[in-house]
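Notes for the structure review
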Amino acid sequence: MARVIAVTNQKGGVGKTTTCVNLAASLAATRRRVLLVDMDPQGNATMGSGVDKNSLERSGYDVLTKQATAAEVIIHAEASGFDLLPANGDLTAAEVALMNEIGREYRLRLAINSVRENYDYILIDCPPSLSLLTVNALSAADTVLIPMQCEYYALEGLAALMNTVEQIQETVNQNLQVEGILRTMYDPRNSLTLDVSGQLSEYFGDKVYKAVIPRNVRLAEAPSYGMPALKYDRLSKGAIAYLALAGEMVRRHGSAKTSPPVAV
Ligand code: ADP
Ligand code: MG
């Protein structure tokens, strides 16, 4: 039964989408069955997985508005090695369409539950705002994975996010937990980075992943080729960092499988 992880942070540009695509590819490379759900109308996770958001027959819009089941919309992102529930700008219309519906916060949860048995991990890429789409993601999720840059205002943003998690626990999903905190675009030569990083560990202890994601140009380039860094340049620092994160996650869950990793 899949573990459902929402990758979220109300701040934009912190590496949510990059983390979704590259973590999904890394988990798939260790033979986990992975579904990536794109819940951002920008469709960056869709494009970054190698699927053209402008030529989708069906998308998350159809799932949220109950015009199709999740199984009917999910496609295999061939270039990336995992399954994808794709999205594009139509998601914004879904948000509007749901406004007056009863149970509007639970549409994604219902859809995900219908395919949950088919996967080991389901990752949800969230938009950078506390919209109905994000609430749908958080109500569907078991846990939240929070990517963050170790910069001056990061801890403030994190406090706001913890507040959101609490509100979600009090309303639509009392079981929501923190999966982990991931330091992205990490630069150990920067003393502020080390400072913020130290404070993070103080507050969140072992919820902070030991794996850190360095700033790496390959991670920024790969999406324009529609593939994760692991396929674009498998020896790049970025690809290796996300493999390390996947390894750490899998070990945390104590669900190591015996089959060898697939060649990439
Ligand atoms: P979000 O989804 O949180 O808005 P993105 O994953 O889209 O953030 O990342 C924002 C920008 O930073 C993108 O252009 C992406 O390619 C780039 N980026 C993300 N992580 C890294 C990294 N570790 N090294 C270099 N560039 C990165
Ligand atoms: Mg994004």
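The coordinates are above.
Predicted model only: the values in this text are computed from it and were never measured.

**Details of the overall build of the protein**
For the protein, the count of helices and strands is 12 helices and seven strands. The C-alpha atoms of the protein give a radius of gyration of 17 Å, which matches the 18 Å a tight globule of 264 residues would have. In terms of overall dimensions, the protein has C-alpha extents of about 50 × 40 × 35 Å along its principal axes. For the protein, with 264 residues in total, the buried portion stands at 47%. Of the contacts made within the protein by residues no fewer than 6 positions apart, 78% connect residues no fewer than 24 positions apart.

**Section: helix 9 (residues 191-204)**
The end-to-end C-alpha separation of helix 9 is 20 Å, in line with the 20 Å expected for 14 residues at 1.5 Å each. Just past helix 9, the residue Gly-205 takes up positive phi, approximately 50 degrees.

**Looking at the site of ligand 1**
Among the 18 residues in the neighbourhood of ligand 1, the closest are listed as Gly-15, Lys-16, Thr-17, Thr-18 and Ala-220. Listed by contribution, the elements that provide at least two residues to the shell around ligand 1 are helix 1 (16-29) and helix 10 (217-221). For the shell around ligand 1, the element with the highest residue contribution is helix 1, accounting for three residues. Here the residues of the shell around ligand 1 are counted per class, giving seven nonpolar, nine polar and two charged.

**Concerning the sheet that holds strand 7 (residues 177-184)**
Spatial ordering of the open sheet is given by 3-4-2-5-1-6-7, a layout of seven strands whose pairing is mixed. Two strands lie at the open edges of the sheet, namely strand 3 (75-77) and strand 7, each paired on one side alone. Neighbouring strand axes in the sheet, compared pairwise and without regard to direction, differ in orientation by 30 degrees on average. The pairing of strand 2 (residues 34-38) with strand 5 (residues 121-125) spans five bridges and is parallel. Its bridge partner lying in strand 5, Leu-36 is registered against Leu-123. With respect to the sheet, helix 1 is in contact with strand 1 (3-7), strand 2, strand 4 (82-85), strand 5, strand 6 (143-149) and strand 7, its orientation differing from that of strand 5 by roughly 165 degrees.

Reading the values: rules and limits
Residues numbered from 1 in each chain as written. Chains lettered and ligands numbered in written order. Predicted model: local features only at pLDDT ≥ 70, side-chain atom pairs only at ≥ 80, totals over all residues. Helix = DSSP H or I, 4+ residues; strand = E, 2+ residues; numbered from the N terminus. Rg over C-alpha atoms; globule rule 2.2 N^0.38 Å. Buried ≥ 20, exposed ≤ 12 C-beta atoms within 10 Å, placed from the backbone. Contact = placed C-beta atoms within 7 Å. Expected span 1.5 Å × (residues − 1). Near = placed C-beta within 6 Å. Nonpolar A, V, L, I, M, F, W, Y, C, P; charged D, E, K, R; others polar. Pairing = 2+ DSSP bridges. Axes fitted to C-alpha atoms, helices over the stretch in contact; angles between N-to-C directions.

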